[in-house]
Amino acid sequence: QVQLVESGGRLVQPGGSLRLSCAASGSIFSIHAMGWYRQAPGKQRELVAAISSGGSTNYEDSVKGRFTISRDYAKNTVYLRMNSLKVEGTAVYYCNLRYEWIARVYWGQGTQVTVSS
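About the cut-offs
- Residues numbered from 1 in each chain as written.
- Predicted model: local features only at pLDDT ≥ 70, side-chain atom pairs only at ≥ 80, totals over all residues.
- Heavy atoms only, no water.
- 1 Å grid on protein atoms, 1.4 Å probe; cavity = no way out; pocket = protein on both sides within 12 Å on 5 of 7 lines; lining within 4 Å.
- Points joined across faces, edges and corners; volume = space filled by probe spheres on them.
- Helix = DSSP H or I, 4+ residues; strand = E, 2+ residues; numbered from the N terminus.
- Nonpolar A, V, L, I, M, F, W, Y, C, P; charged D, E, K, R; others polar.
- Disulfide = S-S within 2.5 Å.
- Buried < 20%, exposed > 50% of the residue type's maximum accessible area, 1.4 Å probe, protein only.
- Pairing = 2+ DSSP bridges.
- Phe/Tyr/Trp six-rings, centres within 6.5 Å; stacked < 30°, edge-to-face > 60°.

1. Focus: the layout of surface pockets
Considered as a void within the structure, the largest pocket measures approximately 170 Å³ in volume. What lines the largest pocket is a set of 16 residues, and nearest its centre among them are Ala 33, Met 34, Tyr 37, Ala 50 and Arg 98. Of the residues forming the lining of the largest pocket, the biggest block, 4 residues, is contributed by strand β4 (residues 33-39). Tallied by class, the residues present in the lining of the largest pocket amount to 8 nonpolar, 6 polar and 2 charged.

Structure, rendered in C-alpha cells:
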C-alpha cells in the first residue's frame, strides 16, 4: 500500500509562485511515475504535470513554461514549482503515483491553492 501526502498549498497573489511537495510512503516499487492533477470548482480534474520513472515530463498546455515538475528518488517525493500563477489556477491540487505497467494509481488527499488579489 502507498500513501501520499501533499503540502505547500496556500493563498497567493496573481503572478506569485508556490512550490508544492508530495511525499510517498509505504510499500513502493522503485519504478513508478508521479504527477500532479488539479480540480477547480465546477470543473473536472485535469492533469497538470507528470514525470515518468525515466525522468521524462509532460505538462498541460496552459502551464507549460510556468510550472516545473521534479522528483527526489531517494525521498520518494515529487515537487511542483509554480510560477506566474493565474486566478484560474485556483484549485485543489492532487498528487498521484502510478505504476506504469499495471492499472494501479494512488492519490493524495489534495492541497488547496488559491490565487487571488
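2. Considerations on the state of the cysteines
According to the stated counting rule, one finds 1 disulfide in the structure shown. A disulfide bridge connects Cys 22 with Cys 95, and the sulfur atoms are separated by 2.1 Å. An S-S torsion of about -80° defines the bridge between Cys 22 and Cys 95 as left-handed. Highlighted residues: Cys 22 in strand β3 (residues 18-26) and Cys 95 in strand β9 (residues 91-99), separated in sequence by 73 residues. Cys 95 shares its class with Cys 22; the two are buried.

3. A look at the pairing of strand β11 (residues 111-115)
In β11, alternate side chains face the same way, and those of Thr 111, Val 113 and Val 115 are buried while those of Gln 112 and Thr 114 on the opposite face are not. As paired elements, strand β2 (residues 11-12) and β11 share 2 bridges and run parallel to each other. From the neighbouring strand, Val 12 faces β11, where its bridge partner is Val 115. Where β9 lies against β11, 3 bridges are found, and the strand directions are antiparallel. What sits directly across from Ala 91, in β11, is Val 113.

4. As for the packing of aromatic side chains
To describe a pair of aromatic rings, you give the distance between the ring centres and the angle between the ring planes. Under the criterion given, the structure shown has 4 aromatic pairs. When the ring of Phe 29 is compared with that of Trp 101, the centres are 5.1 Å apart and the planes differ by 75°; the resulting orientation is edge-to-face. Here Phe 29 is found in the loop between β3 and β4, whereas its partner Trp 101 is found in the loop between β9 and β10 (104-107), with 72 residues between them in sequence. When its relative accessible area of 41% is taken as the criterion, Phe 29 is described as partly exposed.

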